[in-house]
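# Report on the structure
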2 protein chains.
Amino acid sequence: MTTVGVIGGGQLGRMLGFAGRPLDIEFLFLDPKTGSPAAAAGAVIEGDFDNEEALAALARRADVVTYEFENVPVTAVEWLSQKVPVFPGGQALMSAQDRLREKELFESLGIPVPGYRSVDSEQSLTAAIESIGLPLVLKTRRWGYDGKGQAVLRTPDDVEPAWQQLGARPLIAEAFVEFTRELSVIGARRADGDWAMYPLIENRHREGILRVSKAPVEDRELAATARGYLEALLERLDYVGVLALELFDTGGRLLANEFAPRVHNSGHWTIEGAATSQFENHLRAILGLPLGDTRALGQAGMVNLIGALPGRPAELERAGFQLHDYGKMARPGRKLGHATTVAESAAERDRRLSEALKIIEN
Amino acid sequence: MTTVGVIGGGQLGRMLGFAGRPLDIEFLFLDPKTGSPAAAAGAVIEGDFDNEEALAALARRADVVTYEFENVPVTAVEWLSQKVPVFPGGQALMSAQDRLREKELFESLGIPVPGYRSVDSEQSLTAAIESIGLPLVLKTRRWGYDGKGQAVLRTPDDVEPAWQQLGARPLIAEAFVEFTRELSVIGARRADGDWAMYPLIENRHREGILRVSKAPVEDRELAATARGYLEALLERLDYVGVLALELFDTGGRLLANEFAPRVHNSGHWTIEGAATSQFENHLRAILGLPLGDTRALGQAGMVNLIGALPGRPAELERAGFQLHDYGKMARPGRKLGHATTVAESAAERDRRLSEALKIIEN
């Protein structure tokens, strides 16, 4: 029997596990916390991500190791790689962990990005503002997620507080993009170069956290452009697994925001809404199995359940949704679950999403 | 957290569990064997189905109890019902366990059945042959599954050996139906009477075991007839949960063969091929949650993997299938897994099924 080791025991690990259990794949997660969501899908080694004993146990018992978040210590992945195959590889991880490297990678591939400047002092911040103009977004280069470690600078008065808040770490200043919408594109690639792309996804965030995803976005031209960017990225990184690329649509022109070297929240709709889910395709990719069909089976919509599950989850089910409860304790701003609907028309999907948002917000 | 108790730890229990885990439902199975397939989806109490201590543990720890095979001792279900809700109820179970009661139930609802006669002696067998004619099928009234406990009588010479083989038990003689195809129809019903039907399914058996299912069968008239039969059955039994009704199509006329008071092999395609799987809808029904959409998301085909898994399962995946491995030891005639494809056209689905059968038979 195949055992997949997963660094991280959050909901993404949990859903990877749920996708693999029907294939009779065993899972072994590494997570420092007890009672992690992934415990429902396999055994959990409780230990820090850089705990050598825990990593050794993972290497010993797993046939292949992957991770479910991009802030895995690169040293841990490198250490593991000498003992067991680890996918995706360290290059993808290093680029994804540093917004500056990530932007440089995009640029080197001809993928357009918002204007940006490295910021490591108040002087360089002043220079960045002169070069990019206001508003701009100041971000930590590392350890940011769900909008954390970011500040929007709209007027010169915002500079000092933002610097106080973030200035102790290496930063990047990015032009504030007036996008018409946020998109993402998800691909899966095998070691032999075979790859597949899911339909283009539209995303809506609130307070930095993904709120709603809809797919497929029916725009051939945009999809073709996104496909080109995704393919270039996967090839350059010699990528193995699922990767998500976030894009800003600025009225038909796509700018790359960031990529995640893992299954992605904007791809959760693929569980019900695509012929093969992103979770199953990630497993297929890292295990060298043929990739499954990435076609959408209808008009899918997903809402995240953040901070609290709805008081009456049955209302979401009545509205045509499939509920995914990550089994986590409620806490403000925490992703506790999501719900997906697959409708026959985009109009019906959008109607259901509105209904779901009303249910969630009550 | 909700805990569902399941009598039986086979692949149906396993898939019920897999359907419920994303909803953060816990599962507790009762099975006499160690290492049952359902162990991948929850805890297993090892004990016989009529072991009172084991049943008591199930009643204590489960919020609701269901079963995944119809040969559960009725006494066990009745005992349990006094302590915890058990769905489907005992009436459905008793009818499904006895082919004679089942036929009488169908007839009382105006659902056509093949000619039949109760057989409990060689004289009554002779009378049955005179009344029904040859060929006929002699079946045990109880404990038959996957074609076991059956004999086809084609000539008078077949009578004696069949009687030797089966005669010690209460039997039923049924007219041998020259059907054009076998169909099944699956419904889910809640305690409040709300119910939903999946699209009509076509099935092909080999050596008494389901080999291939395809859905949806695009025939409005047949589907409407099947719907009427299913509805009558669900209502009469005041049924709660998923029920499958097997039908013979004799050139446009439907005859009821039997029903199963549980999720059904011919509904496995609903995992990938329907908006809500039969497993999730069974859970929703027994937990009083709103039923999910039963619409097909494409042209689905399922093949059972019997006796052995294909030597190179990746070939099935390459052919566009999702593999379900039940984690069982191989043994001739044993259902070890299944594989499903969802295509955009029936022609493409049929092409893939042919390819899959070639892969499996090699």
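Model, not experiment: these values are computed from the prediction.

The helix and strand tally for chain A stands at twelve helices and 17 strands. Its C-alpha atoms give chain A a radius of gyration of 20 Å, near enough to 21 Å, the size a compact globule of 362 residues would have. Each of the three principal axes of chain A carries a C-alpha extent, and together these read 60 × 50 × 40 Å. Taking all 362 residues of chain A together, the buried fraction comes to 60%. Across chain A, every contact between residues at least 6 apart in sequence was considered, and the portion connecting residues at least 24 apart equals 60%. For chain A, the exposed surface amounts to about 14,100 Å²; the carbon and sulfur share of it is 46%. Of the charged side chains in chain A, 40 are positive and 50 negative; the average position of the first set lies 3 Å away from that of the second.

Our next topic: the relation of the copies chain A and chain B. Take chain A, turn it by 180 degrees, move it 0.0 Å along the axis, and it overlays chain B with an RMSD of 0.0 Å. In the structure described here, the two chain copies are related by an operation that fits a two-fold rotation axis. Identified as the residue of chain A closest to the rotation axis by C-alpha distance is leucine 297 of chain A, at 2.9 Å. Of the interface residues in chain A, 100% have counterparts in chain B that sit at the interface too, so the contact is made through matching surfaces.

Before going further, it helps to examine the pattern of salt bridges. Inspection of the entire model under this criterion finds 44 salt bridges over all chains. Measuring nitrogen to oxygen at the nearest pair gives 2.7 Å for the salt bridge that ties arginine 352 of chain A to glutamate 348 of chain A. Of this pair, arginine 352 of chain A and glutamate 348 of chain A both sit in helix H12 (residues 346–361), four residues apart, roughly one helical turn. A relative accessible area of 24% places glutamate 348 of chain A in the partly exposed class. Taking the shortest distance from any N to any O, the salt bridge between aspartate 192 of chain B and arginine 190 of chain B comes out at 2.7 Å.

Let us now look at the packing of aromatic side chains. Residues and elements named next belong to chain A. Scanning all chains against the criterion turns up ten aromatic pairs over all chains. Ring centres 6.4 Å apart and planes at 80 degrees place the aromatic pair tyrosine 198 and tryptophan 269 in the edge-to-face group. Residue tyrosine 198 is found in the loop between strand S10 (195–197) and strand S11 (201–206), and its partner tryptophan 269 is found in the loop between strand S14 (253–260) and helix H9 (270–273); the two are separated by 71 residues along the sequence. By the burial criterion, tyrosine 198 is buried, and tryptophan 269 matches it.

Rules used in this analysis
Residues numbered from 1 in each chain as written. Chains lettered and ligands numbered in written order. Predicted model: local features only at pLDDT ≥ 70, side-chain atom pairs only at ≥ 80, totals over all residues. Heavy atoms only, no water. Helix = DSSP H or I, 4+ residues; strand = E, 2+ residues; numbered from the N terminus. Rg over C-alpha atoms; globule rule 2.2 N^0.38 Å. Buried < 20%, exposed > 50% of the residue type's maximum accessible area, 1.4 Å probe, protein only. Contact = heavy atoms within 4.5 Å. Areas by Shrake-Rupley, 256 points an atom, 1.4 Å probe, with all protein chains shown as cover. Lys, Arg positive; Asp, Glu negative; His and termini not counted. Charge placed at Lys NZ, Arg CZ, Asp CG, Glu CD. Least-squares fit on C-alpha atoms with pLDDT ≥ 70 in both. Salt bridge = Lys/Arg side-chain N within 4 Å of Asp/Glu carboxyl O. Phe/Tyr/Trp six-rings, centres within 6.5 Å; stacked < 30°, edge-to-face > 60°.

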